[in-house]
Each structure stands twice: as structure tokens, then as C-alpha cells.
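Tertiary structure, described
These are the residues of each chain, in order.
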Amino acid sequence: MSLVCEEIDTHGLRGKENQVEKTESAELKPQQYETTKKFFALFVRAHGEDLQEIETDFKVKVSRQIYGGKVTVAPCEHCTGEEFNQACDAFIILHQNVLQRMKMEQFLFKDQELTVRVRKRIRVVGRTHPVLIELSEDRKHWKIYGENVFVEKVLNDLEKENLITRRMSVAHGVEAWNREEVEENDAGFNDKNPLEHMLG
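Procedures and definitions
- Residues numbered from 1 in each chain as written.
- Predicted model: local features only at pLDDT ≥ 70, side-chain atom pairs only at ≥ 80, totals over all residues.
- Heavy atoms only, no water.
- Patch = residues over 30% accessible without salt bridge, like charges linked within 9 Å, V, L, I, M, F, W, Y side chains within 5 Å.
- Areas by Shrake-Rupley, 256 points an atom, 1.4 Å probe, with all protein chains shown as cover.
- Salt bridge = Lys/Arg side-chain N within 4 Å of Asp/Glu carboxyl O.
- Lys, Arg positive; Asp, Glu negative; His and termini not counted.
- Charge placed at Lys NZ, Arg CZ, Asp CG, Glu CD.
- Helix = DSSP H or I, 4+ residues; strand = E, 2+ residues; numbered from the N terminus.
- Contact = heavy atoms within 4.5 Å.
- Polar contact = N/O pair within 3.5 Å; in protein donor to acceptor, adjacent residues only side chain to side chain.
- Phe/Tyr/Trp six-rings, centres within 6.5 Å; stacked < 30°, edge-to-face > 60°.
- Buried < 20%, exposed > 50% of the residue type's maximum accessible area, 1.4 Å probe, protein only.

**A word on a negative patch on the surface**
A cluster of like negative charges, contributed by Glu 49, Asp 50, Glu 53 and Asp 57, occupies part of the molecular surface. Relative to the assigned elements, Asp 57 resides in helix H2 (residues 37-58).

**Overview of the environment of His 47**
For His 47, the position within the fold is in helix H2. With 51 residues separating them along the chain, His 47 and Val 98 place their C-alpha atoms 9.1 Å apart. When sequence neighbours within four positions are dropped, the list of residues in contact with His 47 reads Leu 94, Val 98, Arg 101 and Glu 147. At 2.9 Å, the side chain of His 47 and the side chain of Asp 50 are in polar contact.

**As for the packing of aromatic side chains**
A complete count under the given rule lists 5 aromatic pairs for this structure. Arranged with centres 5.6 Å apart and planes meeting at 40°, the rings of Tyr 33 and Phe 91 form a pair that is tilted. Here the residue Tyr 33 occupies a position in strand E1 (residues 31-34), and Phe 91 occupies one in helix H3 (residues 81-100), the gap between them amounting to 58 residues. Neither residue differs from the other here; Tyr 33 and Phe 91 are each classed as buried. Where Phe 43 meets Phe 91, the ring centres are 6.1 Å apart and the plane angle is 85°; that geometry is what we call edge-to-face.

Following this line, the structure appears as C-alpha cells:
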């Protein structure tokens with residue numbers, strides 16, 4: 001997969017030095033890293049500025065979409081081999097640190113008669129916080145997935161409004177959603193508006 005980067009010349013390079021960098025960047029090959037739709041959608045929402053910083057500092061382009069379960073980091077023009085290695089390292093570290101902070105919890109609506117109200121409230125928090133919320137397999141409980149700080153913020157807010165009751169943390173669920181094989185269950189998943197899809 002090829003990515004087109006805008007020309008970046010932060011050092012005002014000209015002449016032979018410029019030509020050397022063009023040659024070096026042309027020889028660099030984009031790197032791909034495994035990830036999942038559900039995780040990466042949240043990752044981009046929560047850490048878009050961090051990704052932009054990596055792109056600016058090291059003259060690379062980080063894809064915001066995944067293809068075949070992989071995200072691509074590609075060098076732009078004037079990117080040196082050292083900068084590209086630093087960019088890839090920075091991306092890997094950010095990705096892994098965020099992955100380690102992911103959690104999943106289950107909750108129940110406190111009053112089934114308020115289902116419509118609770119669903120509307122969940123839609124709102126889903127738009128303002130980088131979390132995914134969906135109905136559990138038993139169709140009785142709800143699951144919320146995201147970084148610990150965002151999951152806690154959403155659950156605390158909903159609890160203060162007396163709308164939900166927590167059930168438990170789901171360690172196995174986090175592992176499943178972080179693994180590649182969950183992609184098989186993602187048919188119809190819309191990265192742009194995942195909550196709309198899940199709440200139907």
C-alpha cells in the first residue's frame with residue numbers, strides 16, 4: 001500500500017543535501033504493524049495529536065485506517081533513515097502503552113423503563129469520549145471498552161446520574177477485543193460512528 005505525503009522541508013534543505021535525502025527516503029520502505037479495528041478506532045480518536053506530532057517531528061505519515069488488520073507508517077520526502085526508525089519506535093511505544101491501559105467493564109441499566117433515556121445518554125458519552133459500548137452476548141448486560149481513564153469517567157458519570165449499575169471488570173473480554181481474531185465478528189462495524197452501529 002502506498003501513501004502520498006505532503007512535502008515537508010523544515011530545514012530548508014537545498015542542492016546536494018536535498019538530493020541525498022530524496023534518494024534515502026525513496027529507499028525506505030513503509031512499515032506495517034498489526035492492530036484491530038476496535039482498538040485502532042479508539043486509539044486514533046484519543047491520540048490523534050500524538051500521531052500528528054510523530055508525523056511532524058519525523059516526516060512520516062501514519063495511516064488512520066487499517067487494511068488487512070495492519071496500520072502503515074510510511075516515510076515522506078526528506079525523511080532520513082534515522083528519522084524513520086525513530087518514528088517507527090515512537091509509534092510502537094505509543095501503541096503498546098495505550099494497549100496496556102485498555103479495559104472492559106460490564107454494566108446494567110438500573111431501570112429498564114428508562115432504556116430509551118439511558119441509550120440516548122450513552123450515545124452522547126460515546127461521542128464525547130473514546131470508548132466503545134455494546135450489548136453483551138447474553139443481551140442483558142452492556143460492555144464498555146476503552147482506556148482506563150475514559151472508561152472510569154463514563155461509568156462514574158452514568159452512575160452519578162443513577163442510570164446504571166456496574167457488574168464487573170472483564171479481563172478476558174479485553175484480551176479478546178485486543179486480539180486480531182475478533183475482526184471476524186466486526187462485519188458491518190463503522191469506524192466513523194461505531195456507537196450508532198452497536199446501539200442500533
